Every structure is written in C-alpha cells, then in structure tokens.
Amino acid sequence: MNWILIIGIITAMYMAFNIAANDIGNSMGTAVGSGALTMRKALMLGALFEFLGALFLGSTVIKTVGSGIVPIEFMTGLGAFIITVSAGIWITITILKKIPISGSDAIVSSVIGYGLVYAGFNHLQWTTIGYIMASWVVSPLIGLASGYLAYYVLKRGYLNKIENNIGAKDRSEKLFSYFQIGSSSFAALGVGAIDIAAATGVLYVTVGPTLGFSIKFLGAIALVLGILIAGNRITGTIGRRITELVPTRGFSAQISAGSITILFASIGLPISPTQTLVGSVIGVGMARGTATVKLDVIKHIATTWIITIPACIAISGSLYYIITALI
C-alpha cells in the first residue's frame, strides 16, 4: 500500500466525518426541531441508518461521482486526495459557521476543478455534469412542492377538523412523533447512500471494488463518528431556524425529502439532501403561511450554496498546482 493511497484513505475518512456532521440534519433535523427526538437520540438513530444506507445503497452514486464526471483513466490516487481534501476543507468551514451546505455539491465541484486542470475541459463528461447540476435545482423545488402538498393535504383533510379540540390535537401530535421518527430513519438511508459516494467515490474507483469495499466500510465508520461528534451543529439549524416545526409538520417535510433523496440515489444522481430537505421545510412553512418562514435564514443558506461551487472548483484546481509543484 503506497503512501498516496494511505493519505487518500485518511482524507476520505476526514471527508466522511465532515459531510456526515453536515448532512445528519437532513434526516434528523426535523425530528429534533419538532420535539419528536432529543438531539442525542436523533444522532444515534441517524448514525445507524446512515451507516446502513452507506453500505447497501451507495454503489450507484459512487459510480457517478467516481467515474461519471472525469473519465476513470484520469482519476488517480493523487487526484482522489486533492478532491476529498478540497471538499472537506470547505465543509469544515461551513460547519464551523453552522451553515447547512451540500456535501455532494462540494465534492462534485471539487471533481470538476481537478478534472479541468488535470484532464482538460474536453475530457470532462459535460452531459453527466449537466444532469447533476439540473438535479441540484430540481430537487429542492420538488422538495418544496411535495412538502407543501403533503402538509396542505394533512391540514385540510384532518388537522383543520380537530383544530378546536385540544385533546385530539395533542394526541395527533403524539402519534405523528412516532411517524416522524420513522420518516427520519427512512430519510437517513438515502442520505447515507449519497454521503458515502461523496466521501469515498473518487478513491473507490481508483482502487477497484475489492479494496474499495474496505474503503467504503471505513468511510461508513467515519460517517458515524462525524454524526455523533459534530452532528448537533447543523441539525439545530434545519430543525429550528427555518420555520417552527411540530411532529405533523416535521413528518410532512421529512417523508417528502426522504422519498426524493432515495429516488435520485437509486438512479445514481448525487443530489443535495440538504437542499431537498430545506426545500421541503420551506414548503411546509408556506402551507402554514409565508409569514412563518424565516427568509433571512434561507437567504443566508442559499448564498452559501451558490458560493460552494466556484469555491470548491478553485480550491481543488489550486491544490493540484501546489501539490504537483512540491512533489
């Protein structure tokens, strides 16, 4: 095992740690925000289901991230190191600022930055890049629409009928707190599938499936550690700062976002679970009334999403030139 591979494994685990700390809020943030789970229990449950999703549902997305953007013949061990470090640096910065960005945006942008300087513009697979970037725009819009629709139907079909019955409302929220836990666990499977691809996809394709599984397993362990150690920072932002949540609202947002994430992961598109869930939470807030949505928080999050793409392209390309000049 050469030194580049060893460093690559370490950086992949570093990336997995950071991306999981950022993305756990996408599955468990609404459960915490609605009061269905305490932060500690949410992180433990999320860690379990992200681990399972990473091991058993991530293969299709790994293939897209690892060889669908830059052809596999241009993907080297050094390239895998540069890409994961670049994305990891950016995610670390945003975690410290408690801003929920997209780890998949960061890793794909880092792959593009490396590909541009190493393989060249003409060797990048721009059709795949176009599909991925389109999914970044479409998925939060679908999340917004589905979150709005799910809560609107629940509100008009059931909640409005018990609006004046305090006892019935309390019992309903108690019941939906269990549904909320189930929907959050379901969502964590899809988040784990996308997170493991973002963290280990480029390294996986450079070493092949035999050693690649061991790398994926180590990455899944790092996901768990990231969630348990640092996952509380972003979980609170999604769960509490965008709009006020109770179990019925949290369930509506989470089941919508979770279904979308699983769907896109199954076809190999590394969408942003963060953007999808934030879209769903906004949709639920809009179904209650636009005054309940905190637009200043949304603006701050959206600005960071936009900056992520050029920032990670620049970091990745710059690191390539710096490292190759030193070795």
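Residues numbered from 1 in each chain as written. Predicted model: local features only at pLDDT ≥ 70, side-chain atom pairs only at ≥ 80, totals over all residues. Heavy atoms only, no water.

Draft legend 1. Expanded view of the overall build of the chain. Scanning the chain from terminus to terminus reveals 13 helices and 0 strands. Each helix and strand of the chain, ordered N terminal to C terminal, gives the series α-α-α-α-α-α-α-α-α-α-α-α-α. Here the chain has a C-alpha radius of gyration of 19 Å; the compact-globule value for 327 residues is 20 Å, and the two agree. Here the C-alpha coordinates of the chain stretch approximately 70 × 30 × 30 Å along the principal axes. By the burial criterion, 57% of the 327 residues in the chain qualify as buried. (Helix = DSSP H or I, 4+ residues; strand = E, 2+ residues; numbered from the N terminus. Rg over C-alpha atoms; globule rule 2.2 N^0.38 Å. Buried < 20%, exposed > 50% of the residue type's maximum accessible area, 1.4 Å probe, protein only.)

Draft legend 2. Region of interest: the packing of aromatic side chains. For the structure on display, the rule yields 11 aromatic pairs. Note on Phe121 and Trp126: the rings are 4.8 Å apart at their centroids and 35 degrees apart in plane angle, and the pair reads as tilted. The exposure class of Phe121 is exposed, given its relative accessible area of 52%. Here the aromatic rings of Phe179 and Phe251 are separated by 5.9 Å at their centres, their planes lie at 50 degrees, and the arrangement is tilted. Here Phe179, found in helix α8 (residues 166–207), pairs with Phe251, found in helix α11 (residues 247–266); they are 72 residues apart in sequence, far enough to count as distant. A residue is classified by how much of its surface remains accessible, and Phe179, at 38% relative accessible area, is partly exposed. Residue Phe251 is classed as partly exposed on the basis of its relative accessible area, which comes to 21%. (Phe/Tyr/Trp six-rings, centres within 6.5 Å; stacked < 30°, edge-to-face > 60°.)

Draft legend 3. Quick look at α11. Look at α11: 28 Å from first C-alpha to last across 20 residues, which is about the 28 Å you get at 1.5 Å a residue. Among the 20 residues of α11, 14 are classified as buried, and the element is accordingly described as predominantly covered. Phi turns positive one or two residues past the end of α11, at Gly268, with a value near 85 degrees. (Expected span 1.5 Å × (residues − 1).)

Draft legend 4. Region of interest: a nonpolar patch on the surface. A contiguous nonpolar patch, built from Met44, Phe213, Phe217, Leu218, Ile221, Leu225, Leu228 and Ile229 and spanning about 700 Å² of accessible area, is present on the exposed surface. If one sorts the elements of the nonpolar patch by residue count, helix α9 (residues 209–230) sits on top with 7 residues. Secondary-structure assignment places Met44 in helix α3 (residues 39–57). Overall, Met44 belongs to the partly exposed group, its relative accessible area being 44%. (Patch = residues over 30% accessible without salt bridge, like charges linked within 9 Å, V, L, I, M, F, W, Y side chains within 5 Å. Areas by Shrake-Rupley, 256 points an atom, 1.4 Å probe, with all protein chains shown as cover. Salt bridge = Lys/Arg side-chain N within 4 Å of Asp/Glu carboxyl O.)

Draft legend 5. Just the environment of Tyr152, in detail. Residue placement: Tyr152 occurs in helix α7 (residues 126–157). For Tyr152, a relative accessible area of 33% gives the class partly exposed. The spatial distance from the C-alpha of Tyr152 to the C-alpha of Arg288 is 8.0 Å, given a sequence separation of 136 residues.

Draft legend 6. The arrangement of the nonpolar core in detail. Residues Ile69, Met75 and Ile107 are the most contacted members of the largest nonpolar core, which totals 79 residues. With sequence-adjacent residues up to four places away left out, Ile69 is seen in contact with Thr64, Val108, Val111, Ile112, Leu124, Gln125, Ile129 and Ile132. Leu154, Leu159, Phe176 and Val281 belong to the second largest nonpolar core, which has 12 residues in total. (Core = buried A, V, L, I, M, F, W, Y, C linked by side-chain atoms within 4.5 Å. Contact = heavy atoms within 4.5 Å.)

Draft legend 7. Representation of helix α6 (residues 103–118). Over its 16 residues, α6 extends 22 Å from the first C-alpha to the last, a length consistent with the 22 Å expected when each residue adds 1.5 Å. With 13 of 16 residues buried, α6 is to be regarded as a mostly interior element. Positioned one or two residues after α6, Gly120 has a phi angle of 100 degrees, which is positive.

It is worth stressing that arrangement in space is one thing and function is another; only the former is reported here.
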